[in-house]
Amino acid sequence: MPNFSYQGRDATGQAVSGAAEAASEFDAARNLMAQGITPLAIEPASPSRASRKNPDGGAGKLAGLFAEKPRHEDILLFFRQIYSLLKAGVPIMRALTGLQESAANKGMKALLRDMRESLDAGREFSAAMARHPKVFTSFAINMTRVGEMTGRLEEIFLRLFHHMEFERFIREQVKSALRYPSFVVLAMVIAIVVVNIFVIPAFEKVFDSFDAQLPAVTHMLLGFSNFMRANWHYMLAGLVMVGFCFRAWIKTRKGRYDWDRFKLGIPIAGKIVTKATLSRFARSFALASRSGVPIIQALSNVAQTVDNAYISEKIERMRDGVERGESVLRNAIVSGIFTPMVIQMIAVGEETGSLDDMLQDVADMYQREVEYELKTLSQQIEPILIVFLGVLVLVLALGIFLPMWDLGKAAKGGA
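Note that the structure is predicted; figures quoted are calculated from it, not measured.

Some thoughts on the overall build of the protein chain
And step 1. A count of helical and extended segments in the protein chain gives 18 helices and 3 strands.
And step 2. Counting all 415 residues of the protein chain, 37% fall into the buried class.

Here is the structure:
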């Protein structure tokens, strides 16, 4: 089914309209201009009238929600396997048939079946991939299109495999590094809830029986405990609502941009996110450049793969500058997201014509730094967690145990 509907004018100036199948609006516009059509408006194609009237449409959508979907590992294995099969001289239709029969994931089976049917209908491999934008990124689709144009499709598949393997490695490293701090923070939250609901009320009865003057810290703890016990359901509902509002906010363009910009400034974690994002940019750009993609198109594709709206906008501004005839170096300096060492490497690469090699070195350098930062992340966070635990214990000591000590001394003195 077409991805976009368009309105435009042909070479004679006549108004034309229709549907185009492409990975993005940019690709649809480029394809139309190659056909001699000047696009005036391009928008995602709306569902057909027949599908809107289809009584089974709702059931189909409901079944699609619970259907097994291809995982990142499945797509990673797919690129590796199809590279090996094509390199061995197996025809692409036979390769897809074999992969479909051996796939364990039902969603992957359905994906490969649809791709085979697309190729049977005369579509190119990249067009078959473009029918599944939630599975294949625009970067992978565009790289595949370049492989088809240059006759180096299997080489592109191998490079995409290594690229996705790097992305998975980074995600697993981040999850591993955050596991211990997340466990400690969760334990602290549970401890605070238990203390306020069960421990402090027991001490409150003791304080009331003595009818003594209590310190301000104790009054604060008792007040917060009473508030939590009386309003816990409102607090829980508020927490859920804040979570929903936050998710809705970051789905907006401005919300995503502001959140991604804020993440880069978070102490300790911000520099890891920045280096990982720039490593992804440098590796993707080097891969596109080595595959013969023009610089402007490479920057457009890479801007969609960095997974950070703030840095993505910086890359798009770099692309606009290069499109105006400026150098990559000048736009990299203006962007303000690269370190002086990286700027120097870009300058050398642009001057010697080996920009892809220099950017690959940049990617490797950032990757090593990210690995080191992730390995030491727990050690960097531990002092902060110890300080929070110390403050929690200090407040409890001043608010509960100190008054108990004073009441004990008063009782002994009265005796």
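Details of the side chain of N196
And step 1. Turning to its location among the elements, N196 is positioned in helix α9 (residues 153-210).
And step 2. When neighbours within four sequence positions are excluded, N196 is seen to be in contact with P201, L221, F224, S225, M228 and R229.

Let's talk about the confidence of the model for the protein chain
And step 1. Here the protein chain averages 80 in pLDDT, while 87% of its residues score no lower than 70.
And step 2. Every residue in residues 47-56 is under pLDDT 50, and counting partners more than four places away or in other chains gives 2 contacts.

Topic: the packing of aromatic side chains
And step 1. A complete count under the given rule lists 11 aromatic pairs for this structure.
And step 2. Taking 5.4 Å as the distance between ring centres and 50° as the angle between the ring planes, the aromatic pair formed by F78 and F79 counts as tilted. Of the two residues, F78 and F79, neither departs from the other in class, the shared state being buried.
And step 3. Following the ring pairs from residue to residue traces out a cluster consisting of F78, F79, F125, F136 and F157.
And step 4. Over the face of the ring belonging to F161 we find R80, whose NZ or CZ atom lies 5.4 Å from the ring centre.

Overview of the packing of helix α12 (residues 269-290) against helix α17 (residues 355-375)
And step 1. Interhelical geometry of α12 versus α17 gives an angle of 155° and a closest axis separation of 8 Å. Considered as vectors, α12 and α17 are oriented roughly antiparallel to each other. For the element pair α12 and α17, the recorded crossing hand is left-handed.
And step 2. Partitioning the contact of α12 with α17 into residue classes produces 13 nonpolar, 4 polar and 9 charged.

A look at helix α4 (residues 72-87)
And step 1. The terminal C-alpha atoms of α4 lie 23 Å apart, and with 16 residues this matches the ideal 22 Å at 1.5 Å per residue to within 8%.
And step 2. Turning to α4, its buried residues are D74, I75, L76, F78, F79, I82, Y83 and L86.
And step 3. Following α4 by one or two positions, G89 adopts a phi angle in the positive range, close to 90°.

Looking at the side chain of Q367
And step 1. Following the sequence through the fold, Q367 ends up in helix α17.
And step 2. What makes Q367 buried here is its relative accessible area of 16%.
And step 3. Apart from the residues within four sequence positions on either side, Q367 is in contact with F166, F169, S279 and R283.

Side note on the environment of I295
And step 1. Looking at where I295 falls in the secondary structure, it is placed in helix α13 (residues 295-303).
And step 2. Of the residues examined, I295 reaches a relative accessible area of 36% and is grouped as partly exposed.
And step 3. Taking the C-alpha atoms as reference points, I295 and R319, 24 residues apart in sequence, are found 8.1 Å from one another.
And step 4. Apart from the residues within four sequence positions on either side, I295 is in contact with F285, V322 and V328.

Describing the packing of helix α16 (residues 340-352) against α17
And step 1. Where α16 contacts α17, the two axes come as close as 7 Å, and the packing angle between them is 160°. Comparing their axes, α17 and α16 come out roughly antiparallel. Regarding α16 and α17, the two cross each other, and that crossing is right-handed. Residues M341, V342, M345, I346, V348, G349 and E350 of α16 form the contact with α17, whose own contacting residues are L355, M358, L359, D361, V362, M365 and Y366.
And step 2. Classifying every residue of the contact of α16 with α17 by side-chain character gives 11 nonpolar, 1 polar and 2 charged.

Concerning a nonpolar patch on the surface
And step 1. There is a patch of nonpolar side chains on the surface, built from V185, L186, V189, I190, V193, V194, I197, F198 and V199 and spanning about 730 Å² of accessible area.
And step 2. Inspection of the secondary structure assignment puts V189 in helix α9.
And step 3. Look at V189 and you get partly exposed, because its relative accessible area is 46%.

Things to note about the pattern of salt bridges
And step 1. Counted by the stated rule, this structure contains 16 salt bridges.
And step 2. Between R330 and E326 there is a salt bridge; the shortest N-O distance is 3.8 Å.
And step 3. Each of the salt bridges in this network shares a partner with another, and the network as a whole consists of K271, K275, E369 and E373.

Regarding the nonpolar core
And step 1. In this structure, F78, F79, F125, F136, F157, F281 and F338 are the most contacted members of the largest nonpolar core, which totals 66 residues.
And step 2. Those residues in contact with F79 that lie beyond four places of it in its chain are M129, F136, A140, F157, L160, F161 and M164.
And step 3. Counting 12 residues, the second-largest nonpolar core is a separate cluster that includes I170, A177, A276 and L377.

Describing helix α8 (residues 138-150)
And step 1. Over its 13 residues, α8 extends 18 Å from the first C-alpha to the last, a length consistent with the 18 Å expected when each residue adds 1.5 Å.
And step 2. Directly beyond the C-terminal end of α8, a positive phi value near 75° is found at G151.

Let's talk about the environment of L402
And step 1. Inspection of the secondary structure puts L402 in helix α18 (residues 377-414).
And step 2. When its relative accessible area of 38% is taken as the criterion, L402 is described as partly exposed.
And step 3. As a C-alpha pair, L402 and P215 span 187 residues in sequence and 8.9 Å in three-dimensional space.

Cut-offs applied
- Residues numbered from 1 in each chain as written.
- Predicted model: local features only at pLDDT ≥ 70, side-chain atom pairs only at ≥ 80, totals over all residues.
- Heavy atoms only, no water.
- Helix = DSSP H or I, 4+ residues; strand = E, 2+ residues; numbered from the N terminus.
- Buried < 20%, exposed > 50% of the residue type's maximum accessible area, 1.4 Å probe, protein only.
- Contact = heavy atoms within 4.5 Å.
- pLDDT = per-residue confidence, 0-100.
- Phe/Tyr/Trp six-rings, centres within 6.5 Å; stacked < 30°, edge-to-face > 60°.
- Lys NZ or Arg CZ within 6 Å of the ring centre and 35° of its normal.
- Axes fitted to C-alpha atoms, helices over the stretch in contact; angles between N-to-C directions.
- Parallel < 35°, antiparallel > 145°, perpendicular 65-115°, else oblique.
- Left-handed = near helix turned anticlockwise from the far one by under 90°.
- Nonpolar A, V, L, I, M, F, W, Y, C, P; charged D, E, K, R; others polar.
- Expected span 1.5 Å × (residues − 1).
- Patch = residues over 30% accessible without salt bridge, like charges linked within 9 Å, V, L, I, M, F, W, Y side chains within 5 Å.
- Areas by Shrake-Rupley, 256 points an atom, 1.4 Å probe, with all protein chains shown as cover.
- Salt bridge = Lys/Arg side-chain N within 4 Å of Asp/Glu carboxyl O.
- Core = buried A, V, L, I, M, F, W, Y, C linked by side-chain atoms within 4.5 Å.

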